[in-house]
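Results of the structural survey
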Amino acid sequence: MTQLIQTKSRPCRSVFARERRPLRRRILILLTLTGLLFSLASCTKEPAKKQPVVPVTDTKPVGDGLKVIGYAMVGVSVVVVAGRLIH
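Residues numbered from 1 in each chain as written. Predicted model: local features only at pLDDT ≥ 70, side-chain atom pairs only at ≥ 80, totals over all residues. Heavy atoms only, no water.

**Details of the overall build of the protein chain**
Within the protein chain, the secondary structure is distributed over two helices and zero strands. Looking at the protein chain as a whole, 0% of its 87 residues qualify as buried. When the accessible surface of the protein chain is split by element, carbon and sulfur atoms take 66% of a total near 9,600 Å². (Helix = DSSP H or I, 4+ residues; strand = E, 2+ residues; numbered from the N terminus. Buried < 20%, exposed > 50% of the residue type's maximum accessible area, 1.4 Å probe, protein only. Areas by Shrake-Rupley, 256 points an atom, 1.4 Å probe, with all protein chains shown as cover.)

**Things to note about a nonpolar patch on the surface**
A grouping of Ile-29, Leu-30, Leu-33, Leu-36 and Leu-40 is seen on the molecular surface, where their side chains present a nonpolar patch of about 520 Å² in accessible area. Tracing the backbone shows Leu-30 in helix α1 (residues 11-41). By relative accessible area, Leu-30 is classed as exposed at 53%. (Patch = residues over 30% accessible without salt bridge, like charges linked within 9 Å, V, L, I, M, F, W, Y side chains within 5 Å. Salt bridge = Lys/Arg side-chain N within 4 Å of Asp/Glu carboxyl O.)

Take a look at the structure:
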């Protein structure tokens with residue numbers, strides 16, 4: 001006669017599995033509450049100070065940067081078209 005292999009039940013495993021879900025919920029609730037607390041704590045009644053207006057007179061570096069970006073876009077398009085023609 002053959003004996004059936006009996007597996008032992010694991011009661012500890014089911015207990016731990018039950019405990020994880022409420023723990024995750026507690027963590028999510030605590031994170032939500034701390035975020036709400038921090039957002040309310042950062043509010044102040046004092047209005048923000050206005051920054052002084054500084055007129056910009058030299059825009060040449062910006063123009064040079066835009067020129068470089070434009071040439072880069074033209075270069076990329078040339079490489080893409082050449083790649084498609086070769087392929």
